[in-house]
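Single-letter residue listing:
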Amino acid sequence: MTGEQIASLLEKQKSYYKSGVTIPVKFRIEQLKKLYAAVRKYENEVNDALKKDLGKSHYEGFMCETGLVLSEISYMIRHTRKFAKRKTVATPITNFASHSYKQPVPYGNTLIMSPWNYPFLLTIDPLADAIAAGNTAIVKPSAYSPATSSIIEKIIKECFSPEYVAVVTGGRKENQALLEQKFDFVFFTGSQTVGKEVLCHTAEHLTPAVLELGGKSPCIVDESANIRLAAKRIVFGKFLNCGQTCVAPDYILCQSSVKEKFISEVIKQIKLQFGENPLENKDYGKIINEKHFERLCGLIDKNKVVIGGNSDSKTCKIEPTVMDNINETDAVMGEEIFGPIMPILTFESFDKLIDELKDKDKPLALYLFSGNKKHILRVTKELSYGGGCINDVVVHLATSEMGFGGVGESGMGSYHGKDGFDAFSHYKSVMDKKTWLDLPMRYQPYKSKLYEKLLHMFLK
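Residues numbered from 1 in each chain as written. Predicted model: local features only at pLDDT ≥ 70, side-chain atom pairs only at ≥ 80, totals over all residues. Heavy atoms only, no water.

A.B. asks: What's the story with the nonpolar core in this structure? I'm lost.
C.D. replies: One broad trend across soluble globular proteins is that nonpolar side chains are buried collectively. Ranked by internal contacts, the top residues of the largest apolar core, which has 119 residues, are Leu127, Ile220, Ile234 and Phe262. Of all the elements, helix H4 (residues 58-83) adds the most residues to this core, at nine residues. Grouped together as the second largest cluster of nonpolar side chains are 18 residues, Ala166, Ala177, Phe183 and Val186 included. (Core = buried A, V, L, I, M, F, W, Y, C linked by side-chain atoms within 4.5 Å. Buried < 20%, exposed > 50% of the residue type's maximum accessible area, 1.4 Å probe, protein only. Helix = DSSP H or I, 4+ residues; strand = E, 2+ residues; numbered from the N terminus.)

Structure representation (structure tokens):
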């Protein structure tokens with residue numbers, strides 16, 4: 001699609017939004033029901049597309065994408081009416097008599113830019129939130145997951161007219177053309193590098209944005225942890241989607257006293273979950289493309305591999321790989337891994353570790369496996385990160401009851417459920433002042449001692 005065509009599409013969406021048709025809550029719920037029905041209708045095709053793009057099994061595709069999408073849409077169908085209501089707030093006595101309230105209203109014309117690693121989930125989830133909040137939307141799925149982008153386009157075209165919700169496919173040229181337009185709100189999920197570029201473009205128009213980025217999310221295992229269970233859950237979360245998960249544990253910080261036991265259990269779990277030869281496991285995914293495959297292979301230090309390390313360039317598969325004796329200067333610690341490579345670092349003092357983590361970039365997720373209540377309290381209260389789990393990984397994002405998002409270098413803003421509705425809404429503060437009383441104390445001339453005393457009494 002050319003820049004002129006994108007500009008024309010946005011103009012049509014602006015006219016559609018100005019007509020007011022998206023404002024009634026009944027309309028929003030009807031559109032969500034359409035979307036839900038279409039996802040159910042094309043569920044198998046979506047899972048086939050995910051298999052083609054990322055090698056995901058149908059089970060994993062439903063568990064991590066289509067199932068979560070259906071859950072989010074149904075949640076918004078049930079709650080949009082409540083979310084869209086005005087919220088009455090207290091009025092100070094100085095503004096007697098008035099009714100004060102906060103009214104959520106749509107931003108208007110929104111842009112949703114989604115990534116390739118969970119291409120269906122991270123496109124349709126925010127779209128459901130945008131629809132629930134009463135916006136129009138242009139959706140831009142990733143060019144790296146073409147099969148999923150195609151089924152997304154099919155679903156959206158079947159459900160909605162393009163002046164309401166439209167899909168723009170393509171690559172960097174289309175991304176650039178979209179970002180040059182003046183939207184009312186932009187929602188972006190992707191890398192920090194591209195996130196900075198998005199924010200630069202939105203700044204030109206003073207457009208609000210939510211950025212869901214990534215980073216190196218640490219996973220701490222202290223000596224009080226249930227090591228067997230920690231290994232089982234970490235192996236699941238780290239190698240889910242072949243490691244291409246923004247909230248996957250990027251690296252492990254294991255207390256030295258339990259490191260050998262932890263590594264032994266990790267090796268057992270990799271064999272139990274993926275088999276003796278993971279490259280032949282039909283349910284084990286693949287790297288999205290050759291570029292990322294080569295990048296990941298370059299991060300593997302064969303001298304430090306304790307299990308895995310093998311790959312198949314024909315299928316873009318890399319074995320679940322664990323590397324020991326890693327330090328901060330190793331290549332694998334120089335960037336977000338975003339692949340099936342688990343580096344293990346060790347620590348002696350938990351208190352020292354916490355102080356060191358405070359000096360690092362704020363990650364999208366942080367995980368702690370521990371039975372020590374003091375350690376848990378310190379991690380949850382003192383460290384800054386988007387979200388996380390105690391004694392588990394990844395699963396905190398699989399709920400509509402908690403917002404999901406980053407902080408600092410890992411992003412800004414959050415979504416899912418009520419937080420998603422709020423992300424795509426502006427809350428107007430309105431004071432409805434009654435006309436049957438007009439207090440004189442605010443008007444000049446300010447000479448009344450009585451009014452001055454009353455003012456001090458009311459405002460102190």
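There is more to say after this.
A.B. asks: Before we go on, may I ask you to explain a positive patch on the surface in this structure?
C.D. replies: A grouping of Lys26, Lys33, Arg81 and Lys85 is seen on the molecular surface, where their side chains present a positively charged patch. Relative to the helices and strands, arginine 81 is located in helix H4. (Patch = residues over 30% accessible without salt bridge, like charges linked within 9 Å, V, L, I, M, F, W, Y side chains within 5 Å. Areas by Shrake-Rupley, 256 points an atom, 1.4 Å probe, with all protein chains shown as cover. Salt bridge = Lys/Arg side-chain N within 4 Å of Asp/Glu carboxyl O. Lys, Arg positive; Asp, Glu negative; His and termini not counted. Charge placed at Lys NZ, Arg CZ, Asp CG, Glu CD.)

A.B. asks: When you look at unusual backbone geometry in this model, what are you seeing that I'm missing?
C.D. replies: Most of the time, phi is negative for any residue but glycine, and the peptide bond is trans. For the bond from phenylalanine 96 to alanine 97, the omega torsion is 5°, close enough to zero to count as cis. By the element assignment, alanine 97 lies in the loop between strand S1 (87-89) and strand S2 (98-106). Omega for the bond connecting glutamine 444 with proline 445 falls within 30 degrees of zero, at 5°, which places this linkage in the cis form. Here proline 445 is to be found in the loop between strand S20 (425-433) and helix H15 (449-459). With a phi close to 70°, valine 394 is a non-glycine residue in the positive phi region. On the secondary structure map, valine 394 appears in the loop between strand S16 (387-390) and strand S17 (404-405). Residue classification places valine 394 among the buried residues on the basis of a relative accessible area of 8%.

A.B. asks: Teacher, can you tell me more about the sheet that holds strand S13 (residues 321-323) here?
C.D. replies: Strand pairing in a sheet relies on backbone hydrogen bonds. The paired strands run either parallel or antiparallel. In spatial order, the strands read S10-S13-S14-S9-S8-S15-S16; together these seven strands make up an open sheet with mixed pairing. Whereas interior strands pair on both sides, the edge strands pair on one side only; in this sheet they are strand S10 (305-307) and S16. Geometrically, the sheet is characterised by an average inter-axis angle of 25° between neighbouring strands, direction not taken into account. As defined by bridge partners, strand S9 (residues 251-255) adjoins strand S14 (residues 341-347) across four bridges and the pair is classed as parallel. Its bridge partner being in S14, glutamine 255 is matched across the sheet by phenylalanine 347. Packed on one face of the sheet, helix H13 (residues 373-382) meets strand S8 (218-221), strand S15 (365-369) and S16 and runs near 175° to S15. (Pairing = 2+ DSSP bridges. Axes fitted to C-alpha atoms, helices over the stretch in contact; angles between N-to-C directions. Contact = heavy atoms within 4.5 Å.)

A.B. asks: Looking at this structure, I do not really get helix H2 (residues 25-41). What am I missing?
C.D. replies: Every α-helical turn comprises 3.6 residues, leaving residues that sit three or four positions apart pointing alike. Here H2 spans 24 Å end to end across 17 residues, near enough to the 24 Å set by a 1.5 Å rise per residue. Within H2 the residues assigned to the buried category are Val25, Phe27, Arg28, Ile29, Gln31, Leu32, Leu35, Ala38 and Val39. (Expected span 1.5 Å × (residues − 1).)

A.B. asks: I'm lost on the side chain of lysine 286 in this one. Help?
C.D. replies: Looking at the element boundaries, lysine 286 is found in the loop between helix H10 (259-274) and helix H11 (290-297). Apart from the residues lying within four places of it in its own chain, the contact partners of lysine 286 are Lys52, Asp53, Leu54, Gly55, Cys242, Gln244, Thr315, Cys316 and Lys317.

A.B. asks: Please clarify how the pattern of salt bridges should be interpreted in this entry.
C.D. replies: A side chain with one charge can pair with a side chain of the opposite charge if their charged atoms come near. Following the criterion strictly, the structure yields 20 salt bridges and no others. Between glutamate 43 and arginine 40 there is a salt bridge; the shortest N-O distance is 3.9 Å. Between glutamate 153 and lysine 157 there is a salt bridge; the shortest N-O distance is 3.3 Å. Of this pair, glutamate 153 and lysine 157 both sit in helix H6 (residues 146-159), four residues apart, roughly one helical turn. Look at lysine 157 and you get exposed, because its relative accessible area is 59%. Linked by salt bridges that have partners in common, Asp351, Lys358, Arg378 and Glu382 make up one network.

A.B. asks: Is there a simple way to think about the packing of aromatic side chains in this case?
C.D. replies: Counted by the stated rule, this structure contains 15 aromatic pairs. On the numbers, 4.8 Å between centres and 80° between planes, the contact of phenylalanine 187 with tyrosine 415 is edge-to-face. Of this pair, phenylalanine 187 sits in strand S6 (residues 185-189) while tyrosine 415 is found in strand S19 (residues 414-415), placing the two residues 228 residues apart along the sequence. In this pair, the class of phenylalanine 187 matches that of tyrosine 415, namely buried. Among the aromatic residues, ring-to-ring pairing joins Tyr107, Phe185, Phe187, Phe404, Tyr415 and Phe424 into one connected group. Over the aromatic face of tyrosine 101 sits the side chain of arginine 86, whose NZ or CZ is 3.9 Å from the ring centroid. (Phe/Tyr/Trp six-rings, centres within 6.5 Å; stacked < 30°, edge-to-face > 60°. Lys NZ or Arg CZ within 6 Å of the ring centre and 35° of its normal.)

A.B. asks: Could you clarify how one ought to interpret the side chain of glutamine 181 in this entry?
C.D. replies: Mapped onto the fold, glutamine 181 is located in the loop between helix H7 (172-179) and S6. The class of glutamine 181 is buried, set by a relative accessible area of 18%. Ignoring sequence-local partners within four residues, the contact set of glutamine 181 consists of Gly3, Ile6, Ala7, Leu10 and His205.

A.B. asks: When you look at the packing of helix H9 (residues 227-239) against H10 in this model, what are you seeing that I'm missing?
C.D. replies: Two packed helices can be described by the angle between their axes and the distance between those axes. One can describe the packing of H9 onto H10 by two numbers: an axis separation of 8 Å at closest approach and a directional angle of 50°. By the angle between their axes, H9 is oblique relative to H10. Note that H9 runs across H10; the crossing there is right-handed. Where H9 abuts H10, its residues Ile227, Arg228, Ala231, Lys232, Ile234, Val235, Phe236 and Phe239 lie against Lys261, Phe262, Glu265, Val266, Gln269, Ile270, Gln273 and Phe274. Residues that form the contact of H9 with H10 fall into these classes: ten nonpolar, two polar and four charged. (Parallel < 35°, antiparallel > 145°, perpendicular 65-115°, else oblique. Left-handed = near helix turned anticlockwise from the far one by under 90°. Nonpolar A, V, L, I, M, F, W, Y, C, P; charged D, E, K, R; others polar.)

A.B. asks: Explanation requested: the sheet that holds strand S18 (residues 411-412) in the structure shown.
C.D. replies: One open sheet holds the six strands; their spatial order is S5-S4-S3-S6-S7-S18, and the pairing between them is mixed. In this open sheet, the two edge strands, each paired with only one partner strand, are strand S5 (165-167) and S18. Two strands pair when backbone bridges link them, and strand S4 (residues 136-140) and S5 are joined in this way by three bridges, in the parallel orientation. In the strand pairing of S5, isoleucine 138 is matched with alanine 166.

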